[in-house]
Amino acid sequence: MSQTNPPNQTLYVRNLNDKINKQDLRLSLYTLFTTYGVVIDVVASKTIKNRGQAFIAFRDVPSATQAMRALEGFNIFGREMVIFIFLFFGIPPPPPPRTANTTS
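Conventions we followed
- Residues numbered from 1 in each chain as written.
- Predicted model: local features only at pLDDT ≥ 70, side-chain atom pairs only at ≥ 80, totals over all residues.
- Heavy atoms only, no water.
- Buried < 20%, exposed > 50% of the residue type's maximum accessible area, 1.4 Å probe, protein only.
- Helix = DSSP H or I, 4+ residues; strand = E, 2+ residues; numbered from the N terminus.
- Contact = heavy atoms within 4.5 Å.
- Core = buried A, V, L, I, M, F, W, Y, C linked by side-chain atoms within 4.5 Å.
- Expected span 1.5 Å × (residues − 1).
- Arc of directions from axis to C-beta.
- Salt bridge = Lys/Arg side-chain N within 4 Å of Asp/Glu carboxyl O.
- Pairing = 2+ DSSP bridges.
- Axes fitted to C-alpha atoms, helices over the stretch in contact; angles between N-to-C directions.

*Asks:* Just checking my understanding: could you explain helix α2 (residues 61–71) for this structure?
*Replies:* Within α2, the full set of buried residues consists of Ser 63, Ala 64, Thr 65, Ala 67, Met 68 and Leu 71. At its buried positions, α2 is contacted by β1 (10–14), α1 (22–33), β3 (53–58) and β6 (82–85). Gly 73, located one to two residues past α2, shows a positive phi value of around 85 degrees.

*Asks:* Help me understand the nonpolar core, please; the structure alone is not making it clear to me.
*Replies:* Note on soluble globular proteins: their nonpolar side chains tend to be buried together. Core analysis: the largest hydrophobic core is formed by 22 residues, its most contacted members being Leu 11, Leu 29, Phe 33, Ile 56 and Met 81. Setting aside residues up to four positions removed in sequence, Met 81 forms contacts with Val 13, Arg 14, Leu 16, Leu 29, Leu 32, Phe 33, Leu 71, Glu 72, Gly 73, Phe 74 and Ile 76.

*Asks:* Would you mind showing me how to read α1 here?
*Replies:* One full turn of an α-helix is made of 3.6 residues, so residues set three or four places apart face in the same direction. With twelve residues, α1 ought to run about 16 Å at 1.5 Å a step, and its terminal C-alpha atoms sit 16 Å apart, in line with that. Inspection of α1 places Leu 25, Leu 29, Leu 32 and Phe 33 among the buried residues, and these make up the whole buried set. Projected down its long axis, α1 carries its buried residues within an arc of 85 degrees, all on one side. Tucked inside the fold, the buried residues of α1 contact β1, β2 (39–44), β3, α2, β4 (75–76) and β6.

*Asks:* Quick question: what am I supposed to make of the pattern of salt bridges here?
*Replies:* A side chain with one charge can pair with a side chain of the opposite charge if their charged atoms come near. Taken as a whole and judged by the stated rule, the model has two salt bridges. Here Arg 51 and Asp 18 are joined by a salt bridge, their closest N and O atoms 3.4 Å apart. Pair noted here: Arg 51 is in the loop between β2 and β3 and Asp 18 is in the loop between β1 and α1, with a separation of 33 residues, a long-range link. On the accessibility criterion, Arg 51 (46% relative accessible area) is partly exposed. The residue Asp 41 makes a salt bridge to Arg 26 at a minimum N-O spacing of 3.6 Å. With a gap of 15 residues between them, Asp 41 in strand β2 and Arg 26 in helix α1 connect regions that are remote in the sequence. What makes Asp 41 partly exposed here is its relative accessible area of 34%. Judged by its relative accessible area of 26%, Arg 26 falls in the partly exposed class.

*Asks:* When you look at the sheet that holds β2 in this model, what are you seeing that I'm missing?
*Replies:* Through backbone hydrogen bonds, the strands of a sheet pair up, either in parallel or in antiparallel fashion. The strand order across the open sheet built from four strands is β2-β3-β1-β6, with neighbouring strands paired in antiparallel fashion. Of all the strands in the sheet, just β2 and β6 have a single pairing partner and so form its edges. Put simply, the sheet's adjacent strands are angled 20 degrees from each other on average, direction ignored. Across five bridges, the pairing between β2 and β3 is antiparallel. By the bridge assignment, Ala 44 is partnered in β3 with Ala 54. Along the sheet face, α2 touches β1, β3 and β6 and points at about 155 degrees away from the line of β6.

Structure (structure tokens):
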């Protein structure tokens, strides 16, 4: 999997089984993802637009990255998870800082 998104401590998970009770899904995701670091929050919604998706917020970027790499394609409730670094609603990250031209 090639991942070009900048590092972030929040993961976007899709392809989740939308027939599972919201609380059971949140608890299962929390239990699974805490294997890789401290999970601050798991947000799973059952609205038509957001069903089958969740957001997992870690305390730090390395834990989120490790979880994403380890759990991509992991089968949970009969579906293989697809995991991305969350990009804050499509807002691109700021450009890298410019370096001063040091040619003399």
